[in-house]
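Descriptive analysis of the structure
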Amino acid sequence: SSEELYIYGTTKSLDFPVSDDAYQDASADDTFENDIFVMHLSADGGALIGSTYLGGSGEDGHNLEPSEYGTERRGEILLDEDGNCYITSTTASADFPTTAGVHQETYGGGDRDVVVFSMNEDLSDLNWSTYIGSSTNEIGLSMHFDESGLLLINGATSGEFMTMSGYQTTYQGGISDGFILQLTADGTTIENSSYWGTADEDLIYLIE
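The following refers to the structure shown. (Residues numbered from 1 in each chain as written. Predicted model: local features only at pLDDT ≥ 70, side-chain atom pairs only at ≥ 80, totals over all residues. Heavy atoms only, no water.)

1. Section: the environment of Phe161
Short version of the rule: By definition, any uninterrupted DSSP run of H or I lasting at least four residues is a helix, any uninterrupted run of E lasting at least two residues is a strand, and each is numbered from the N terminus.
Position of Phe161 relative to the elements: it lies in the loop between strand S9 (151–157) and strand S10 (177–183). Along the chain, Phe161 and Asn137 lie 24 residues apart, while their C-alpha atoms are 8.3 Å from each other.

Right, dumping it as structure tokens:
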């Protein structure tokens, strides 16, 4: 609402610029793996309101497959009216920071889990953070607020990673299925969910 800019991305830099009160002021991995970063700039780009790493000791923000359409680094950042940001991405870190009481506090396994998290306006604190995943591979590609204020999250999975409640309740086969999840805006509860796939390779890139 103030025409300021929030940026989500990935970095391999160990000297990425962070703010003085950043939630995570250094990479948790010194082997030049990808970390997620979140940045908040003033409207004219002249001031760093907030900037932080976010990640664990594994690779964060990097989707193993597929590599087409720029999907290797794809994720999504949204804002609410109070300046809190909401991000969906992917992690291979079993120690990615999460918060108590969320949908899934611990890493599910496999090569990748979805992560969804919210941060305050100056990026000094996590409002909440959750994994979504199991022993199969899951990637989070995009999300959107629906009219009721719930987060619609989509991506892809390589197997049956949770019990779904909606249109497709079981994994359809092939390399991957897409999925859609409806998550409460505090990260605690998945309200509705569905696979979206066939016996071939399926993903959901964007949702609106």
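2. So, the packing of aromatic side chains
For clarity, the threshold we go by: Two rings belonging to Phe, Tyr or Trp (six-membered ring only in the last case) form a pair when the distance between their centres is within 6.5 Å. Interplanar angles under 30 degrees mark stacking, angles over 60 mark edge-to-face geometry, and anything in between is tilted. Partly exposed describes any residue whose relative accessible area lies between the buried limit of under 20% and the exposed limit of over 50%, with all areas from a 1.4 Å probe on protein chains only and scaled to the type maximum.
Taken as a whole and assessed by the stated rule, the structure comprises eleven aromatic pairs. Note on Tyr107 and Tyr131: the rings are 5.5 Å apart at their centroids and 65 degrees apart in plane angle, and the pair reads as edge-to-face. In this pair, Tyr107 sits in the loop between strand S5 (85–91) and strand S6 (113–119) while Tyr131 sits in strand S7 (residues 126–132), placing the two residues 24 residues apart along the sequence. Note on accessibility: Tyr107 and Tyr131 belong to one class, buried.

3. Section: the nonpolar core
Inclusion rule: Only buried residues count toward a nonpolar core. Its members are Ala, Val, Leu, Ile, Met, Phe, Trp, Tyr and Cys residues joined through side-chain atoms within 4.5 Å. Residues are treated as being in contact if the distance between any of their heavy atoms lies within 4.5 Å.
Core analysis: the largest hydrophobic core is formed by 19 residues, its most contacted members being Val116, Leu151 and Ile153. Apart from the residues lying within four places of it in its own chain, the contact partners of Leu151 are Leu78, Tyr86, Trp128, Met143, His144, Phe145, Leu181, Gln182, Leu183 and Ala185. The next biggest cluster of nonpolar side chains, apart from the first, holds 15 residues, and it includes Tyr6, Val38, Leu54 and Cys85.

4. Considering the sheet that holds strand S11 (residues 190–196)
Threshold: Strands were regarded as paired on the criterion that DSSP finds at least two bridges between them. Only the stretch in contact is used when a helix axis is fitted, and all axes are lines through C-alpha atoms; the angle between N-to-C directions ranges over 0 to 180 degrees.
With antiparallel pairing, four strands are arranged side by side in an open sheet as S8-S9-S10-S11. Each edge of the open sheet is held by one strand with a lone partner, namely strand S8 (138–145) and S11. Strand-to-strand twist across the sheet, computed as the mean angle between neighbouring axes with direction ignored, equals 20 degrees. Where S9 and S10 come together, seven bridges link them in antiparallel fashion.

5. Thoughts on the environment of Met164
Examined against the element boundaries, Met164 turns out to sit in the loop between S9 and S10. Met164 gets classed as buried once you look at its relative accessible area, which sits at 5%. With 43 residues separating them in the primary sequence, Met164 and Glu121 have C-alpha atoms 33 Å apart. When residues no more than four places from it in sequence are discounted, the contact partners of Met164 are Thr169, Phe179, Leu181, Ser193, Ser194 and Tyr195.

6. Examining the side chain of Thr184
Among the structural elements, Thr184 can be located in the loop between S10 and S11. Leaving out residues up to four positions away in the same chain, Thr184 has contacts with Leu150, Thr189 and Glu191.

7. A look at the environment of Arg112
If you trace the backbone, Arg112 turns up in the loop between S5 and S6. Its relative accessible area of 6% is what places Arg112 among the buried residues. Taking the C-alpha atoms as reference points, Arg112 and Ala92, 20 residues apart in sequence, are found 4.8 Å from one another. Setting aside residues no more than four positions away along its own chain, Arg112 makes contact with Glu59, His62, Leu64, Thr90, Thr91, Ala92, Tyr107, Thr136, Asn137 and Glu138.

8. So, the sheet that holds S5
The strand order S4-S5-S6-S7 describes an open sheet built from four strands, whose pairing is antiparallel. Edge positions in the sheet fall to strand S4 (76–79) and S7, since each has one partner strand and no second. Each strand of the sheet is rotated relative to its neighbour by a mean of 15 degrees, with strand direction disregarded.

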